[in-house]
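Structural overview
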Amino acid sequence: MRAVAVIPVLLFHAEVPFFAGGYVGVDVFFVISGYLITGIISRELANGRFSLVAFYERRMRRIFPCLMAVISFSMVAAIFLFLPEDFSHLSKSVISSVLFSSNILFWRESGYFNAQGDLVPLLHTWSLAVEEQFYILFPLVFVLIYRSARSNLLIIIVALATTSFLISIWGIRKAPTFTFYMAPTRAWELLTGSLLALGLVPPTKNRMGREGLTLLGIALIASAVCLFSARTPFPGEYAGVPVLGAALIIYASANTVTGRVLSLRPIVFIGLISYSIYLWHWPILVFAKYYLVDALPSWGVILAIILSLLIATLSWRYIETPFRREEIVKRRPLFVGAAAVILVFITAGILGLLSGGWVSRVPVEVAYLASFRNDVSPRRSDCHRGEGSAIALSRSCVFGVPKLPEFAVWGDSHAVELAFALGRLAEQHGRSLMQVSYSSCPPVIGTGSTGCQSHNDATLEYLRSHSHIRTIFLVAFYDNKSSRPPTYADGFRRTVSTLIDAGKHVVLIYPIPRSPADVPSVLARYAWKGIGTERLAIDRGVYLRRNAEILDLLDSLARQRNVSRVIPHEYLCHEESCSVLFDGKALYFDDHHLSLAGAQRIASLFEPFFVGSGQNADMN
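One structure accompanies this document, and this report is about it. (Residues numbered from 1 in each chain as written. Predicted model: local features only at pLDDT ≥ 70, side-chain atom pairs only at ≥ 80, totals over all residues. Heavy atoms only, no water.)

Further remarks concern the packing of aromatic side chains. Two measures describe an aromatic ring pair: the distance that separates the ring centres and the angle between the ring planes. This model, assessed by the stated rule, comprises 33 aromatic pairs. Between Trp107 and Phe178, the ring centres sit 5.2 Å apart and the planes meet at 80°, which makes this aromatic pair edge-to-face. Here Trp107 is found in helix α5 (residues 102-109), whereas its partner Phe178 is found in helix α8 (residues 176-181), with 71 residues between them in sequence. Residue class for Trp107 comes out partly exposed when judged on its relative accessible area of 30%. (Phe/Tyr/Trp six-rings, centres within 6.5 Å; stacked < 30°, edge-to-face > 60°. Helix = DSSP H or I, 4+ residues; strand = E, 2+ residues; numbered from the N terminus. Buried < 20%, exposed > 50% of the residue type's maximum accessible area, 1.4 Å probe, protein only.)

This is the structure in structure tokens:
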């Protein structure tokens, strides 16, 4: 059964076609884990020999040795391959991984499907953290219920599972990243396995019924693996598909065709080494991608999969198996050794952070290019809004001379560095400018999250009612078609027409060309490997095709009175490509946000608006 869980995860991470939902293998793991662990605890309690110390010892023997080996490998490989900032990030994840809190770290820092997540070697340890957090509390709660309210045990577990499931459904809409990573929103998956182990559903002797249920279980898991993707709201109710599939297989597979297939020796062996496969495959893929810089070719993917299976086999044989045998590793040395190793890794992680990622490892030019990841507005943290932040519009950052702002930059995160650069320009001309930005929230009325819509409504009213703000620059990350709802164009028209009717001069800032990769990281790694940095460029034709729809919309809006436009790509792009580097400076701090150097590079396009009225300016 574990093979059914680990193979989809492996192929999903290897980006094999038709496995875009392979991440649901983790959910299958959760159900299996809940089933096995609860079965062990309940049997030992029934026999009067359950011990919390013995339980945690078994967890440590199962989880700890292989995890420590993978962390060691990752740190050593990172010394030779990682840029300083990536080494710092790894150092943080090492500390959180050994403390089984990496799910909290990754929740706070980014999303699982984030592009940069592909370069985090210990990202997959979030699921181990969820399990261990669950198993810190679950045995204690289970024993307490078993001894004080045994007759209500099933009812209480059902209530806990239902509550967790409902929170997950609610959370995927309100706090999707938290819901993905946190134990309370995943607990119902483990508790589903627990309920199976406790016999919530009586076994059926109907052979054909069991055959049908197991085939349905396989179909549910397969459909999730093939049909789900990074865009599927997950976990929430969608996680019910693989969880139910796993539950049906566990419940009904005994003495069925499916059960016999899953009992075949090769599949059983994959199950035996599944934990090692899960731990080793991801760092191998990450370091291979990191070293090659570009996407892994097909032969590289195949080689990485084979290498993962080979190393997993050796890991199972020479690391996992010996540590599970008490006659080889006694309890006291196990606990003492584990504590010592944890302290060593925490110390190593702290040193990695304090040294700034051990900058001295890399050439000066490489470190300089990599540093543009942090070339952002010095006011980004205190001027930029997002979900959960509360910066009143009246307290928005104003740049330039100390006077009421005549200009405002309104947009999503693409507005931040541009506002700071334009603030400098405004100061040169004795004028001032307000920044009104909100993450993932284009200045389009009626679209985005609930917080975004409220922000946009309030911003529009604020700009209308403040006559001293006469010119509004509208900017957004437009090269993200999948996030634009059908009402996007109409909402944008409403924004522009409302501002025009209020007597404002609207300036449309056309899309910034999107790079195929994280610019500072790739430029730095190219330089480190002696590859010409000119190899990274943006194809102008691809940019125009990707943005054809939004360019047409902006062109139509620009035909209205009191509307001007600034077209950065006409300045950044040449005949066939667009620059990502100028005068030795990276123009982006990731793959689509202009760095401060990039914003300053295009700031001259806005000069006419600050010199005079700029009412009829069209800049490119």
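So, about empty space enclosed by the protein. Taken as a whole, this structure holds one cavity of 30 Å³ or more when the rule is applied. Roughly 90 Å³ of volume is contained in the largest cavity. For the largest cavity, the full set of lining residues is Ser413, His414, Glu417, Leu418, Val475, Ile509, Ile512, His592, His593, Leu594, Ala599 and Ile602. Those elements that place two or more of their residues in the lining of the largest cavity are α19 (415-428) and α26 (596-602). For the lining of the largest cavity, the residue count by class is seven nonpolar, four polar and one charged. (1 Å grid on protein atoms, 1.4 Å probe; cavity = no way out; pocket = protein on both sides within 12 Å on 5 of 7 lines; lining within 4 Å. Points joined across faces, edges and corners; volume = space filled by probe spheres on them. Nonpolar A, V, L, I, M, F, W, Y, C, P; charged D, E, K, R; others polar.)

With that settled, the discussion passes to the nonpolar core. By size, the foremost hydrophobic cluster in this structure holds 154 residues, and its most contacted members are Ile71, Trp126, Leu422, Leu433, Phe473, Phe606 and Phe610. If you tally residues by element for this core, the top one is helix α3 (residues 52-81), at 13 residues. If sequence neighbours within four positions are ignored, Ile71 has contacts with Val94, Ser97, Val98, Leu122 and Phe345. Judged by nonpolar contacts, the second largest core, of 32 residues, contains Leu393, Ile472, Tyr488 and Val563. (Core = buried A, V, L, I, M, F, W, Y, C linked by side-chain atoms within 4.5 Å. Contact = heavy atoms within 4.5 Å.)

Take the state of the cysteines next. Tallying each qualifying case throughout the model produces three disulfides. Disulfide pairing is shown between Cys383 and Cys397; the S-S distance is 1.8 Å. On the sign convention where negative means left-handed, the S-S torsion of about -90° between Cys383 and Cys397 marks this disulfide as left-handed. Here Cys383 is found in helix α18 (residues 380-383), whereas its partner Cys397 is found in the loop between β1 (384-385) and β2 (398-400), with 14 residues between them in sequence. Here Cys397 falls in the buried class, since its relative accessible area comes to 7%. Disulfide partners in the protein chain, listed by the sequence order of the bonded cysteines, are 1-2, 3-4, 5-6. (Disulfide = S-S within 2.5 Å.)

For the rest of this paragraph, the subject is the pattern of salt bridges. Using the criterion set out here, one finds 32 salt bridges in the structure. Salt-bridge contacts for Glu327 lead to Arg325; the nearest nitrogen and oxygen are separated by 3.0 Å. The salt bridge partner of Glu461 is Arg464, with a shortest N-O separation of 3.6 Å. Taken together, the positions of Glu461 and Arg464, both in helix α20 (residues 450-465) and three residues apart, correspond to about one turn of that helix. In this structure Glu461 comes out as partly exposed when scored by relative accessible area, which is 44%. The network of salt bridges with common partners includes Glu85, Asp86, Arg373 and Asp518. (Salt bridge = Lys/Arg side-chain N within 4 Å of Asp/Glu carboxyl O.)

Honestly, it's all geometry; don't read function into it.
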